[in-house]
Amino acid sequence: MRNLFANRCFEIQAGHAVSGVAAQARTLRVASGRVWVTVEGGRDDFWLRAGESLNVAPGRLVVIEADKGASRIDFLPLPHATFGLAALLRNLTGRLGDGAAKPAGAPCGSC
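1. Description of the overall build of the protein chain
Phase 1: Along its length, the protein chain carries one helix and eight strands.
Phase 2: Expressed as a percentage of its 111 residues, the buried residues of the protein chain come to 39%.
Phase 3: At a minimum sequence separation of 6, the contacts of the protein chain that also span at least 24 residues come to 73%.
Phase 4: Accessible surface for the protein chain amounts to roughly 6000 Å². Of this, 53% is attributable to carbon and sulfur atoms.

If you want it as structure tokens, here you go:
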């Protein structure tokens, strides 16, 4: 399994999916578009739009699929590992924006 999180950002075409395992805790932030995210061992899947984020624990398989438009995902280091209810509440903020991107699975050139 490749390490998507080694890149600072990724662009996914509409309807395409990418997957990977984070070696370290990361914040998955949607820079543009809308994506569906599922994390191995998680109870829920997530729909995230531009401006929204999700903290990902290390060692878990993450699958990200772009919705109807291309999406750009930024992978940011977590200053401190924060998971659980408090992290979920923080991740529910920032729900504006949308945009376009490059071919499925392509690292973006602007990162």
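2. Description of the pairing of strand β2 (residues 17-21)
Along any regular strand the residues' side chains alternate between the sheet's two faces.
Phase 1: Because side chains alternate across β2, one face comprises the buried residues Val18 and Gly20, and the other comprises Ala17, Ser19 and Val21, none of which is buried.
Phase 2: Of the pairings in the sheet, the one linking β2 to strand β7 (residues 61-66) comprises five bridges and is antiparallel in character. Across the sheet, Val18 pairs through a bridge with Ile64, a residue of β7.

3. Remarks on the pattern of salt bridges
Phase 1: Tallying each qualifying case throughout the model produces three salt bridges.
Phase 2: Across the pair Arg34 and Asp67 runs a salt bridge whose closest N-O atoms are separated by 2.7 Å. Of the two residues, Arg34 sits in strand β4 (residues 34-39) while Asp67 sits in the loop between β7 and β8 (71-77), which places them 33 residues apart along the sequence.
Phase 3: Across the pair Arg72 and Asp74 runs a salt bridge whose closest N-O atoms are separated by 3.0 Å.
Phase 4: Because the salt bridges share partners, they merge into one network encompassing Arg29, Arg72 and Asp74.

4. Digging into the sheet that holds β7
Phase 1: Ordered by their spatial adjacency, four strands build an open sheet running β2-β7-β4-β5, and the pairing between neighbours is antiparallel. Pairing within the sheet leaves two strands with one partner each, and these edge strands are β2 and β5 (45-49). Each adjacent strand pair in this sheet contributes to an overall mean axis angle of 20°, direction not counted.
Phase 2: Sheet analysis places β4 next to β7, joined by five bridges and oriented antiparallel. Its bridge partner lying in β7, Val39 is registered against Val62.

5. Quick look at the nonpolar core
Phase 1: Leu28, Val37, Val62, Ile64 and Ile73 are the most contacted members of the largest nonpolar core, which totals 18 residues.
Phase 2: Looking at this core, the elements with two or more residues in it are β1 (9-12), β3 (26-32), β4, β6 (53-56), β7 and β8.
Phase 3: In contact with Val37, not counting residues within four places along its chain, are Leu28, Asp45, Phe46, Leu48, Leu54, Val62, Val63 and Ile64.

6. What about the packing of aromatic side chains?
Phase 1: Counted according to the given criterion, the structure contains zero aromatic pairs.
Phase 2: The ring of Trp47 has Arg34 lying over it, and the distance from NZ or CZ to the ring centre is 4.1 Å.

7. A closer look at the environment of Arg49
Phase 1: Within the secondary structure layout, Arg49 lies in strand β5.
Phase 2: Residues Arg49 and Val30, 19 residues apart in the sequence, show an inter-C-alpha distance of 6.1 Å.

8. Some details on the sheet that holds β6
Phase 1: Read across the open sheet, the four strands follow the order β1-β8-β3-β6; overall the sheet is antiparallel. Across the chains shown, the open sheet's two edge strands, defined by having one partner strand only, are β1 and β6. The mean angle between the axes of side-by-side strands here comes to 25°, regardless of whether they run parallel or antiparallel.
Phase 2: Alignment of β3 against β6, held across four bridges, turns out to be antiparallel. Across the sheet, residue Leu28 finds its bridge partner in β6, namely Leu54.

Cut-offs used in this document
- Residues numbered from 1 in each chain as written.
- Predicted model: local features only at pLDDT ≥ 70, side-chain atom pairs only at ≥ 80, totals over all residues.
- Heavy atoms only, no water.
- Helix = DSSP H or I, 4+ residues; strand = E, 2+ residues; numbered from the N terminus.
- Buried < 20%, exposed > 50% of the residue type's maximum accessible area, 1.4 Å probe, protein only.
- Contact = heavy atoms within 4.5 Å.
- Areas by Shrake-Rupley, 256 points an atom, 1.4 Å probe, with all protein chains shown as cover.
- Pairing = 2+ DSSP bridges.
- Salt bridge = Lys/Arg side-chain N within 4 Å of Asp/Glu carboxyl O.
- Axes fitted to C-alpha atoms, helices over the stretch in contact; angles between N-to-C directions.
- Core = buried A, V, L, I, M, F, W, Y, C linked by side-chain atoms within 4.5 Å.
- Phe/Tyr/Trp six-rings, centres within 6.5 Å; stacked < 30°, edge-to-face > 60°.
- Lys NZ or Arg CZ within 6 Å of the ring centre and 35° of its normal.

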